[in-house]
Amino acid sequence: MTHDYRMEEYLRKALSGSMHSSNQLKDVKTNERSFSHSYFDDFKKKLIIEYEDKSLSDVMNCKLSKTSFGDALKITTKEKIDFNIEDNNFMDQINDNLKLLPRVGPKTEQNLKSKGYTTIESLKCHDRYADVATKFLDEIEGMSFREIIDLLDNNRYSKRCRDNLLKCISLTDIENFKFMDIETKGLSNVPIILIGVAEIKGSKIIASQYFLRDYTEEPNIIDAYLSHIDDDSVHVTFNGKSFDVPFIKNRCVYNGINANIDLPHLDLMYFAKNLWSGSIPNCQLQTIEREIFGISREDDVPGQYIPGYYDTYIAENNIGPVVPIIEHNCQDIISLASFLEKMYEDVN
């Protein structure tokens, strides 16, 4: 491909109007060039010139972080955030969803509610469902957040329970959210070149990024990331269930790292499609930023160019090509916090 979804969207909008305007055609051609391979090749050359003889510590807040495998370069960014998950009495709400019980589907739920059995609690008086309702209520009372996530995630009637997956985040502390994203040398069986994780601490969101200075340091940056997670952690990603987490698992095996990262996981891509697909052009992360939050990025490098930019960084020993990659990753993980808060508000 010679352009990404941004070019496709621009063309769609531009061509939907009159095509008799020579200025409009000129604008289309200008934007086609701006998203082409030659554009990003020229951009890379400009970065090399701009950052010649500079190190990452000259332009970012960097320090070396000790790991079991050696040093990892850590880049830290702090921003103010007003992140609020108001209590929504979720355990009372879950009581209304009869479909959480075995053998209760939408039709059965509708039939039961028409007869006055509007909550799982009320089914304790039902001839057929008394035992299963009593057992469910007893079990859920002692469930951990991880177990509740699994209960909702595995329910076959997913749409209603998908909303509940967002609603239930009121049951955990916001400090447990690990907003995570990785950048890699390709789609499979290649090194991770950057791992970013953002965490909320009081009124700030703190992004910690671990950058692969050379290929020998991959176990170092993975181990550094693992130091951020524990049994209470919750992964928050965008397409991370399909890509980021399986990729990290694969690289752990490759590097001989024994780690369990099967955490409760909120993949916001699925929620975005469920909530916003009818109101925005697509559910790409940057489209959501622009259309819902009014955030427009400049000098962003699309994913397909990242491996080549990293190769140039290694070959030229010049940080220029990786600066926008690091900035891109940082913006991704910080944006996830805004996405999650907005989604929580929408479903509540």
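Above: the structure in question.
Residues numbered from 1 in each chain as written. Predicted model: local features only at pLDDT ≥ 70, side-chain atom pairs only at ≥ 80, totals over all residues. Heavy atoms only, no water.

Packing of helix α12 (residues 268–276) against helix α15 (residues 323–347) brings their axes to within 11 Å, and their N-to-C directions diverge by 45°. One way to sum up the angle between α12 and α15 is to call them oblique. Read as a crossing pair, α12 and α15 show a hand that is left-handed. Contact residues: L268, F271, A272, L275 and W276 in α12; L336, F339, L340, K342, M343, D346 and V347 in α15. Of the residues belonging to the contact of α12 with α15, the class tally is ten nonpolar, no polar and two charged. (Axes fitted to C-alpha atoms, helices over the stretch in contact; angles between N-to-C directions. Helix = DSSP H or I, 4+ residues; strand = E, 2+ residues; numbered from the N terminus. Parallel < 35°, antiparallel > 145°, perpendicular 65-115°, else oblique. Left-handed = near helix turned anticlockwise from the far one by under 90°. Contact = heavy atoms within 4.5 Å. Nonpolar A, V, L, I, M, F, W, Y, C, P; charged D, E, K, R; others polar.)

Here we take up the environment of H328. The residue H328 is located in helix α15 in this model. A residue is classified by how much of its surface remains accessible, and H328, at 11% relative accessible area, is buried. Measuring from C-alpha to C-alpha, the distance between H328 and G303 comes to 9.9 Å, with 25 residues separating the pair along the chain. Apart from the residues within four sequence positions on either side, H328 is in contact with E183, Q286, R297, D300 and V301. (Buried < 20%, exposed > 50% of the residue type's maximum accessible area, 1.4 Å probe, protein only.)

The next subject is the packing of helix α10 (residues 218–226) against helix α11 (residues 240–254). As a packed pair, α10 and α11 sit with axes 10 Å apart at the nearest point and diverge in direction by 125°. It follows from the interaxial angle that α10 and α11 lie oblique. In this structure, α10 meets α11 at a crossing whose hand is left-handed. Together, E218, I222 and Y225 of α10 and I248, R251, C252 and Y254 of α11 make up the contact between the two elements. Its residues placed into classes, the contact of α10 with α11 shows five nonpolar, no polar and two charged.

A grouping of K63, K78, K80 and K204 is seen on the molecular surface, where their side chains present a positively charged patch. As for its placement among the helices and strands, K204 is situated in strand β5 (residues 204–211). For K204, a relative accessible area of 38% puts it in the partly exposed group. (Patch = residues over 30% accessible without salt bridge, like charges linked within 9 Å, V, L, I, M, F, W, Y side chains within 5 Å. Areas by Shrake-Rupley, 256 points an atom, 1.4 Å probe, with all protein chains shown as cover. Salt bridge = Lys/Arg side-chain N within 4 Å of Asp/Glu carboxyl O. Lys, Arg positive; Asp, Glu negative; His and termini not counted. Charge placed at Lys NZ, Arg CZ, Asp CG, Glu CD.)

The subject of this paragraph is the sheet that holds strand β3 (residues 177–184). Judged by pairing direction, the sheet is mixed, and its seven strands sit side by side in the order β1-β2-β5-β4-β3-β6-β7 without closing on themselves. Each edge of the open sheet carries a strand with a single partner, namely β1 (62–67) and β7 (265–267). Direction aside, neighbouring strands of the sheet carry axes that sit 30° apart on average. Where β3 and strand β4 (residues 192–201) come together, six bridges link them in antiparallel fashion. By the bridge assignment for β4, E183 is matched with L194. (Pairing = 2+ DSSP bridges.)

Right, let's talk about the environment of E79 for a bit. Assignment of secondary structure puts E79 in strand β2 (residues 70–80). Under the relative-accessibility criterion, E79 is labelled partly exposed at 37%. C-alpha of E79 to C-alpha of I200: the two residues are 121 residues apart in sequence and 9.7 Å apart in space. Not counting chain neighbours up to four residues away, the residues in contact with E79 comprise S203, K204, I205 and I334.

This next bit is on a negative patch on the surface. Residues D173, E175, D230, D231 and D232 make up a contiguous surface patch of negative charge. In this structure, D230 sits in the loop between α10 and β6 (234–237).

Take the pairing of β1 next. For β1 and β2, the ladder comprises six bridges, and the chain directions are antiparallel. Bridge assignment links C62 to a residue of β2, and that residue is I75. Hairpin connection of β1 to β2: two residues between the antiparallel strands.

Structurally, F247 can be placed in helix α11. By relative accessible area, which is 6% here, F247 ends up buried. Each C-alpha atom, one on F247 and one on V190, is 9.2 Å from the other, the two residues being 57 residues apart in sequence. Beyond its immediate stretch of four places on either side in the chain, F247 contacts I182, T184, G186, L187, S188, V190 and I192.

Looking now at the packing of aromatic side chains. Counted according to the given criterion, the structure contains twelve aromatic pairs. Taken together, a centroid distance of 6.1 Å and an interplanar angle of 70° make the contact between F211 and Y310 edge-to-face. Taken together, the residues span a long stretch of sequence, with F211 in strand β5 and Y310 in helix α14 (residues 306–316) at a distance of 99 residues. Exposure remark for F211: the relative accessible area of 2% places this residue in the buried category. Overall, the relative accessible area of 0% leaves Y310 in the buried class. These aromatic residues form a ring-pair network of at least three members: F211, Y215, Y310 and Y313. (Phe/Tyr/Trp six-rings, centres within 6.5 Å; stacked < 30°, edge-to-face > 60°.)

Pairs can form between side chains of opposite charge once their charged atoms are near each other. Taken as a whole and assessed by the stated rule, the structure comprises 16 salt bridges. The salt bridge partner of D346 is K342, with a shortest N-O separation of 3.4 Å. Of this pair, D346 and K342 both sit in helix α15, four residues apart, which is roughly one turn of that helix. Classification of K342 by relative accessible area gives partly exposed; the value is 28%. Taken together, the shared-partner salt bridges connect E289, R297, D300 and D332 into one network.

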